Structures are given as C-alpha cells and as structure tokens.
Amino acid sequence: MFLFLGMGGAVGFLSGMFGVGGGFLLTPLLIFSGISPAVAVATVTPQIVASSTSAALSYWRRRLIDEKMTILLAAGGVVGSAGGVFAFRALRSVGQLDLIIALSYVAFLGFIGVIMLRESLRAIWRTRAGRTARRGPSHHNWVHGLPFKVRFRRSKLYVSVVPIVVLGSGIGFLGAILGLGGGFIMVPALIYLLRVPTNVVIGTSLAYTLATMAVATVLHATANKSVDIMLALLLMVGGVVGAQFGAQVGQAIRGEQLRALLALLVLAVALRVLFGLFTRPDQIYSLSVMGGAT
Amino acid sequence: MKRHLLALALLLGLPIAAAHAESLVSTLSDEAVSITSSFAGERIVVFGAIRGGPEDATGYEVAVVVQGPEQDVIVRQKERLLGVWANRTAREFKAVPSYYVMHLSENFSAAVSPEQLLEYRLGLQSLPFVQEANTEATAERLAEALIGLKTQRALYVEREEEVRFLAPDVFRTTFFLPSDIPTGEYRVSVYLFRDEAFLAGSTQVLSIAKGGFSDQLARAAIDFPLPYGLVCVALAIFTGWLAGVVFRRT
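Residues numbered from 1 in each chain as written. Chains lettered and ligands numbered in written order. Predicted model: local features only at pLDDT ≥ 70, side-chain atom pairs only at ≥ 80, totals over all residues.

**Digging into the sheet that holds strand β3 (residues 42-51) of chain B**
All names here are of chain B. What the nine strands build is an open sheet, ordered β1-β3-β9-β8-β7-β4-β10-β11-β2; its pairing is mixed. Edge positions in the open sheet fall to β1 (23-28) and β2 (32-35), since each of these has one partner strand only. Each strand axis lies, on average, 25° off the axis of its neighbour in the sheet, ignoring direction. Looking at chain direction, strand β4 (residues 60-67) and strand β10 (residues 184-194) are connected through eight bridges and run antiparallel. Directly across from Y60, in β10, lies its bridge partner R194. (Pairing = 2+ DSSP bridges. Helix = DSSP H or I, 4+ residues; strand = E, 2+ residues; numbered from the N terminus. Axes fitted to C-alpha atoms, helices over the stretch in contact; angles between N-to-C directions.)

**Structural notes on unusual backbone geometry**
Most peptide bonds adopt trans geometry, and most residues besides glycine take a negative phi value. One non-glycine residue, A95(B), lies in the positive phi region at around 50°. Topologically, A95(B) is positioned in strand β6 (residues 84-97).

**Some points on the nonpolar core**
Judged by nonpolar contacts, the single largest core of 93 residues is most densely connected at V49(A), Y105(A), L210(A), A214(A), A232(A), M236(A) and C232(B). If you tally residues by element for this core, the top one is helix α8 (residues 198-224) of chain A, at 15 residues. The residues contacting C232(B), other than those within four sequence positions of it, are P46(A), T217(A), A221(A), V227(A), I229(A) and A232(A). With 50 residues, the next largest nonpolar core counts V96(B), Y99(B), Y100(B) and I147(B) among its residues. (Core = buried A, V, L, I, M, F, W, Y, C linked by C-beta atoms within 7 Å. Buried ≥ 20, exposed ≤ 12 C-beta atoms within 10 Å, placed from the backbone. Contact = placed C-beta atoms within 7 Å.)

**Considering the sheet that holds strand β3 (residues 285-289) of chain A**
Spatially, β3(A)-β5(B)-β6(B) is the arrangement adopted by the three strands of the open sheet, whose pairing is antiparallel. Because the sheet does not close on itself, it has two edges, and the strands there are β3 of chain A together with β6 of chain B. Strand-to-strand, the axes of this sheet are offset by a mean angle of 25°, without reference to chain direction. In this sheet, β6(B) lies alongside strand β5 (residues 70-81) of chain B in antiparallel orientation, the contact comprising 11 bridges. Pairing of Q77(B) across the sheet is with T89(B), part of β6(B). The strands touched by helix α5 (residues 137-152) of chain B are β3 of chain A together with β5 and β6 of chain B; relative to β6(B), the strand with the most contacts, the crossing angle is about 80°.

**Let's talk about the environment of L234(A)**
Residue and element names in this part refer to chain A. Position of L234 relative to the elements: it lies in helix α9 (residues 229-252). Distance from L234 to L3, taken between C-alpha atoms, is 9.4 Å for residues 231 residues apart in sequence. Every residue in contact with L234, bar those within four places of it in the chain, is listed here: M1, F4, L5 and G8.

**Considering helix α3 (residues 37-61) of chain A**
The end-to-end C-alpha distance of α3(A) is 36 Å, a good match for the 36 Å that 25 residues give at a rise of 1.5 Å each. Looking one or two places after α3(A), you find R63(A), whose phi comes out positive at around 55°. (Expected span 1.5 Å × (residues − 1).)

**What to know about the interface of chain A and chain B**
Listed as interface residues are 38 residues of chain A and, on the opposing side, 37 residues of chain B. In the side of chain A that touches chain B, the residues fall into 25 nonpolar, 11 polar and two charged. Sheet analysis places β3(A) next to β5(B), joined by five bridges and oriented antiparallel. Its bridge partner lying in β5(B), S288(A) is registered against I74(B). (Nonpolar A, V, L, I, M, F, W, Y, C, P; charged D, E, K, R; others polar.)

Shown next, in the form of structure tokens:
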C-alpha cells in the first residue's frame, strides 16, 4: 500500500517538476512492480484524470484554456479512446496485450526520448555559445491549407477542424491502450502543427486530457472491468501531493537542463521495458481464466 | 473445537458389529469460509469415522479430495520471436477445477498404483481435462504446465500419507486453502477402501465467499461496471479539485 502511495508520490513529484502528466512513467512502474499490464493501464487512467483536474483548474481560473478547441479535440478524443479501449480488449483476449503495450512503450518512449534529448542538448549548447537565435514558428504550413476552417478566438487562429479532430482521436487511442494522457505529444503538436499560442497550449491540452481520460476510465471500467479503484486512489493522493513539491523544485532548475533530465528519464524507462522483452521470463507459461478479471 | 469434533466423530464411529457394510461419516472443521482483506489462507480439518465395520477391522484406506469450482482457462506459452518473448502457443481447457487437493492415507499410498488411481478417478492425472489433452502432444504439454502453475500456487496438491488414523476407524486430515483461492462451492469428498476395493464415500460442501470492504469493491467492479466507472471518475475529479484548493492556500 505504501509502495503505491510512494510510487504515486514519486511520479507526481517528477510530473510537477517537468510539467508532464506522468502516465508514461507510472504505467511501466506499476508493471515492473508486478501489477498486470491490463490493470496498470486501466488504473492509471483515473489517476491522470485527478492530476489533470488540479492543473486544468488553475489554468481555467487564469482563463488560459481555449474551450472551443478543447471541445473539438475531446470530441476526437472520445472516439479515439473508445477505439483504444476496444483494441485493448481485443488484444487482451488473444493474449497479446502485454507484448503490444511493452513494444509500444519502447518505440514511443525511445522516439520521444531521443528527440527531447537532442533538442535540449542543442538548446544547452546554444546558450553556452551565447546565442539566442530561437526560430519562431512561421505562421503558415500545410495544415493551414486544409478545409473546414473554424475561427478560434482565444487562440487567435483560423484553422481547419480536421487536424484537430485527428490529433484528438489519435492521442486518445494511444492513451487508452497505453495508459498515458499524451500531454507530451499534444503540447508540441499544438505548438508546431496548429500554431496555437504557447500561453493557452498547456491549459487546452490539460482540459483535453481530463475529458478524454474520464471517458476512457468509464470505458475501461465497463468494457474491461480492470480499473482498481483503491490502487487508483493511492496513486492519486500520492500524485497530487508529489506534484506540488515537484513544481517547486522544477522552478529552480533551468528549462533546457530540465528537459534533458526528463529525456534521460524517458530513455531509461524505454530501456528497462526493452530489457524485459528480451530476458527469458521466469515462467514461460501463463494462465488466464476465460471471462474473468484476472 | 477440534476436541469437540473428535468426540462427535468417535460417538458416530462406534462400531456396530452386526452388519459388515461399512458406511462413512465425515465432518469439516468449517463449513463456510469468508475471505476478508486480511485473509491469509486457512486450514480446514476433515474428520471421518467408519461405521458398520467388523469389531477388529483394520487396514482401511482413505482418500480425501477437495475440489473447487470449475473454470474454463487458457494456457499460453511464451516463445522467442525475433529475440522477444511473446505468447505463441495457446490452448483452451474446459471445466478445469480451480482447486484440487488429494490426500491419501498411509496404507493407501503404499498399496495403490497410478493405474488404480486413474481407475478410481482420483488424482490430478485423472481429471477430465488432463485425460482429454493426452491425445495431442501440445495440449498435453500445456495441460502439464497448467498443473505446474496451479501446484506452484498451492492450488493443486497431491499428498500421500496425509490422512492419519486416530483409531482404526477414525481418521483426520488437514488441507490448506491459500489466500488467492477463487470463491464458490467446494466439494470435499471422502472415499473409503479396503484392499483396494471401494467400500463407501461421502461428500460435503464447503462454501467460500468474499467478505469485507475491498472485496465488495472488487465485486462492484464486475457487477455494476458503469456506476463503478463513474464513481472512479468522480473520485478522481474530486481528488484533483481538492488538491488544487488545499495547495492554493499554502
């Protein structure tokens, strides 16, 4: 019990420090500690709801959420996470869920980790060299040529709804299968792809995560029956408390160095999952009761 | 409690000299087990007494079998695929007992052969799913793996010399229910033999149910999935909101 409270606290600390949701760390950690991947993914989902609620509320008070965009993203997210939960169930019934989760984590975290590390090392190098040449995002790219344009007043944008819904559903799909909120994909995608102003990006991403993960929780509970409410509560309490302390530490460290540290952490998790795939399991046989929760 | 039962068993077991058709009386130390969150397994004692045998009767042989509710299970085998360990081979087994314990008395263990056990339909090897699997090599291997996994978790047990005679016609054995046993109706069967000939049998029901808060929660997750999911979300939003309020002040 204290293990999971501590785990929630540690991940909460890191997520507060780095400003990320922490699902991508918490889910593998739970799996390493012996929780079955199905329960780990489904239980981290409500934990993400809790952590994004407290953060989203503070952005809401400062009016830093683009509601219209959130609704469109979440509309895609609901469809995506329904698809994700359905795929989750199908994979589980053919016995390949654990493998797919592990492989996706390796691919995903490895990719993100490398990109982040490269970007942050460059930034560190640049500040060392004394240059402040930061290329601002240009105002037009291929996304702006798409049809069904809508005006977003808060983001001061006039873009197509297509990339927004696609983005929302894609991240919702991944999030439901892998037990992560997807903020660390959503934020860069909103900034670089849609050119959403940085001040509303985080709030909008958090509100999206909140809505999508809430739906995913209900779907996991009904379709897979693998949400453990007690475990989720321990993770939530640990997480929200840890996040407060993490945020204080995070403010004391420089942005690029923080990102480099996070990148190393992400890569470490990816390597650990990869290692687990190649080592011979203690038990090559496994048993599952048909129609049961375990 | 034990002494009390022993007295009962002795009382019931008073030999009746006239008819030599043996009958069996058996009783359990508990007829219902409630699994709470602090449940760490439980010992159940089976007492038995033989009635109707000759006055100088010896050489009784006893087998006690405890069987849990049946389940359909899938056994999967991991194999290396491009260096990665992945589930490859799988077999489905129907009507697999969730729990199976067989205890034999000392003289029975000495006298009986595996073939005879099969004939009496006693023991893990005589379970229908194992018998059916014997026709195919893969199924046989996976059925053996299933037995191995269950044995590891102390859900399948075969023990010789575990039924002890307290008197020539009174016996006792103790079996253990591990903490992760499934709930349901368990059948405790006692078989009496002499010179490998079946004399009498008796069956008792042991019901195992869950109790306590955390188990009610686990059941709610299965029985009322939608309200359960909604409560999870409400709890999450409340926790998040509360944290926001608490930490904004400080």
